[in-house]
There are 2 protein chains.
Amino acid sequence: MRIGELSRRAGVPVPTTKYYLREGLLPAGERMHANQVSYADEHVQRLRLIRTMVEVGRFPIATVREVLGELDSGERDLDGLLGVLSRTIAAEQADRVRHSSDDTGLRAAQELTGRHGLPDDPAIPYLREIADVLTAFESLGQADLAARIADTYAEAAKQVAAVDIEAISGLDRENTAVAMITGTVLGEALFAALRRLAQAQLSIRTFSDRGDS
Amino acid sequence: MRIGELSRRAGVPVPTTKYYLREGLLPAGERMHANQVSYADEHVQRLRLIRTMVEVGRFPIATVREVLGELDSGERDLDGLLGVLSRTIAAEQADRVRHSSDDTGLRAAQELTGRHGLPDDPAIPYLREIADVLTAFESLGQADLAARIADTYAEAAKQVAAVDIEAISGLDRENTAVAMITGTVLGEALFAALRRLAQAQLSIRTFSDRGDS
């Protein structure tokens, strides 16, 4: 297929597709004539994957390149890919929350994760993230709110993570890698939408007849 | 306190604080002398709330204004605030996923939500969001992955939503409103960090000894 069809099928504008080609994120197509390059179904899949990371996951282009490099390396195990995905997401998250948590926040995070059998080593970036979020709740005067929701969140997160990992184990390497990227980026969007749908259903029941209390 | 201390305590740079003052998001301080304006603790709280919506929630300034307007209106019930929060998040999410789902995606979303006692009316924006995410999985060749995780996600989302609503009901109006904003924005970050911590714990067990399969 020509670049126009490739772009249309992946839902990416032609100039953006050309940019990904120039940046080497998308492999070059096969040159048929002086002015004609042909792309295959693999290009459509790859372009959709790039689009998911950029638009839904908001990964910087450098990270997309790193993730695709791990995906294509073929010779390594999946730790490299997991590592890149983890670092990217931790960095993006840290950038958003950016409340430097103090020892109190860190202790609260450790108590929470320890209580649910989750790792409580402060060297793990995700633990620091949890501490930052708890500190942010506290700084908004909402420490009680965090305390009321945190245990249910931890248990629900464990169920979700267990099915995440189970769903991608047993696939071959290529599929595991693509499933890992998809699950990381789209899984979060799916859970968030389901949570909000359930909230909307419950809040109509809870608040709609409270009036101006 | 002076604007420097206000900014420092809320973790917002002075020029940004001045911008929020000019935009009317932050009420003016009390003028003490010709060159001195004094701010109170309420300003710190308000500024932290603005910062959370802008930095963590990535709300556009116009939306922050609308949310704060609902918060300050005092005379309305909470539906207005819920409505603004819902529309904002739905719009931001739609902007990120932007896969126009077809009837197949919508039917898949309805089957999923119906199976779990969640609303399945296509007029609800969140249902369309779920359809879009399922369509995005499908377009990446990962429909099987979505099928394997979706039911667990729906049940976990219901648990999380139930504690979200329960935790903020019974508060007075002002606190319910602030808790709603905080829970909407920071609750998502908390769940995501917990999910990734649990994933990391499990994936080390599952993948670290697979080697280059």
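In this text the structure is predicted, and so the values were computed from the model without any measurement.

### Comments concerning the overall build of chain A
Per the secondary structure count, chain A includes 9 helices and 2 strands. Counting from the amino terminus, helix and strand elements in chain A follow one another as α-α-β-β-α-α-α-α-α-α-α. Taking all 213 residues of chain A together, the buried fraction comes to 52%. A sequence separation of at least 24 residues applies to 58% of the contacts in chain A between residues at least 6 apart. For chain A, the accessible area works out to roughly 9300 Å², and carbon and sulfur atoms hold 50% of it.

### Quick look at the pattern of salt bridges
Tallied over the entire structure, the rule returns 18 salt bridges over all chains. A salt bridge links Lys158 of chain A to Glu155 of chain A, with the nearest nitrogen and oxygen atoms 3.4 Å apart. One end of the pair is Lys158 of chain A and the other is Glu155 of chain A, both in helix α8 (residues 143-168) and 3 residues apart, which spans about a single turn. Residue Glu155 of chain A is classed as partly exposed on the basis of its relative accessible area, which comes to 33%. For Arg196 of chain A, the salt bridge identified is with Glu188 of chain B, shortest N-O distance 2.8 Å. Highlighted residues: Arg196 of chain A in helix α9 (residues 173-207) and Glu188 of chain B in helix α9 (residues 173-207), drawn from two different chains.

### Observations concerning the pairing of strand β1 (residues 30-33) of chain A
Residues and elements named next belong to chain A. In the sheet, β1 pairs with strand β2 (residues 36-38) via 3 bridges, with the strands oriented antiparallel. Each residue of the ladder has a partner; that of Arg31, found in β2, is Val37. Connecting β1 to the antiparallel partner β2 that follows it, the hairpin turn spans 2 residues.

### A closer look at helix α8 (residues 143-168) of chain B
Residues and elements named next belong to chain B. Compared with an ideal rise of 1.5 Å per residue, which puts 26 residues at 38 Å, α8 spans 36 Å between its outermost C-alpha atoms and is within 8% of the ideal. Approximately 40 degrees is the largest bend angle found in α8, and it occurs at Ile149. Two residues or fewer past α8, Gly170 is found with a positive phi of approximately 90 degrees.

### What to know about the packing of helix α3 (residues 41-56) of chain B against helix α4 (residues 61-73) of chain B
All names here are of chain B. Contact geometry of α3 with α4 gives a least axis separation of 10 Å together with a crossing angle of 135 degrees. Judged by the angle between their axes, α3 and α4 are oblique. Read as a crossing pair, α3 and α4 show a hand that is right-handed. Here α3 contributes Arg46, Leu49, Ile50, Met53 and Val54 to the contact with α4, which in turn contributes Ile61, Val64, Val67, Leu68, Leu71 and Asp72.

### Quick notes on the relation of the copies chain B and chain A
For the pair chain B and chain A, the superposition axis carries a translation of 0.0 Å, the fit reaches an RMSD of 0.0 Å, and the rotation angle comes to 180 degrees. On the angle and the small slide along the axis, the relation comes out as a two-fold axis. Using C-alpha coordinates, one finds that chain B approaches the rotation axis most closely at Ala156 of chain B, a distance of 2.5 Å. Comparing contact sets, 98% of the residues at the interface of chain B also lie at the interface in chain A, consistent with an isologous, same-surface contact.

### Focus on the nonpolar core
Judged by nonpolar contacts, the single largest core of 128 residues is most densely connected at Ile130, Leu190 and Leu194 of chain A together with Ile130, Leu190 and Leu194 of chain B. Not counting the four nearest positions on each side in its chain, Ile130 of chain B is found in contact with Leu190, Ala193, Leu194 and Leu197 of chain A together with Ala109, Leu112 and Thr113 of chain B.

### Quick notes on the packing of aromatic side chains
By the definition in use, this model includes 5 aromatic pairs over all chains. Here Tyr153 of chain A and Phe191 of chain B contribute two aromatic rings whose centre-to-centre distance is 6.1 Å and whose plane-to-plane angle is 70 degrees, an arrangement assigned as edge-to-face. Placement of the pair is Tyr153 of chain A in helix α8 and Phe191 of chain B in helix α9, with the two residues belonging to separate chains. A residue is classified by how much of its surface remains accessible, and Tyr153 of chain A, at 0% relative accessible area, is buried. With relative accessibility at 5%, the residue Phe191 of chain B sits in the buried group. When the ring of Tyr19 of chain B is compared with that of Tyr20 of chain B, the centres are 5.8 Å apart and the planes differ by 50 degrees; the resulting orientation is tilted. Assessed through its relative accessible area of 6%, Tyr20 of chain B is described here as buried.

### Details of the environment of Ile149 of chain A
Here Ile149 of chain A is to be found in helix α8. On the basis of relative accessibility, which here comes to 1%, the residue Ile149 of chain A falls in the buried class.

### Overview of helix α6 (residues 103-115) of chain A
Residue and element names in this part refer to chain A. With 13 residues, α6 ought to run about 18 Å at 1.5 Å a step, and its terminal C-alpha atoms sit 18 Å apart, in line with that. For α6, the set of buried residues is Gly105, Leu106, Ala109, Leu112 and Thr113. Down the axis of α6, the sector holding all buried residues measures 125 degrees, keeping them to one side. Facing away from the buried side of α6 by more than 90 degrees, the exposed set consists of Asp103 and Arg115. In the stretch just after α6, Gly117 is the one whose phi turns positive, near 70 degrees.

Scoring rules and cut-offs
- Residues numbered from 1 in each chain as written.
- Chains lettered and ligands numbered in written order.
- Predicted model: local features only at pLDDT ≥ 70, side-chain atom pairs only at ≥ 80, totals over all residues.
- Heavy atoms only, no water.
- Helix = DSSP H or I, 4+ residues; strand = E, 2+ residues; numbered from the N terminus.
- Buried < 20%, exposed > 50% of the residue type's maximum accessible area, 1.4 Å probe, protein only.
- Contact = heavy atoms within 4.5 Å.
- Areas by Shrake-Rupley, 256 points an atom, 1.4 Å probe, with all protein chains shown as cover.
- Salt bridge = Lys/Arg side-chain N within 4 Å of Asp/Glu carboxyl O.
- Pairing = 2+ DSSP bridges.
- Expected span 1.5 Å × (residues − 1).
- Bend = angle between axes of the 7 residues up to and from the residue.
- Axes fitted to C-alpha atoms, helices over the stretch in contact; angles between N-to-C directions.
- Parallel < 35°, antiparallel > 145°, perpendicular 65-115°, else oblique.
- Left-handed = near helix turned anticlockwise from the far one by under 90°.
- Least-squares fit on C-alpha atoms with pLDDT ≥ 70 in both.
- Core = buried A, V, L, I, M, F, W, Y, C linked by side-chain atoms within 4.5 Å.
- Phe/Tyr/Trp six-rings, centres within 6.5 Å; stacked < 30°, edge-to-face > 60°.
- Arc of directions from axis to C-beta.

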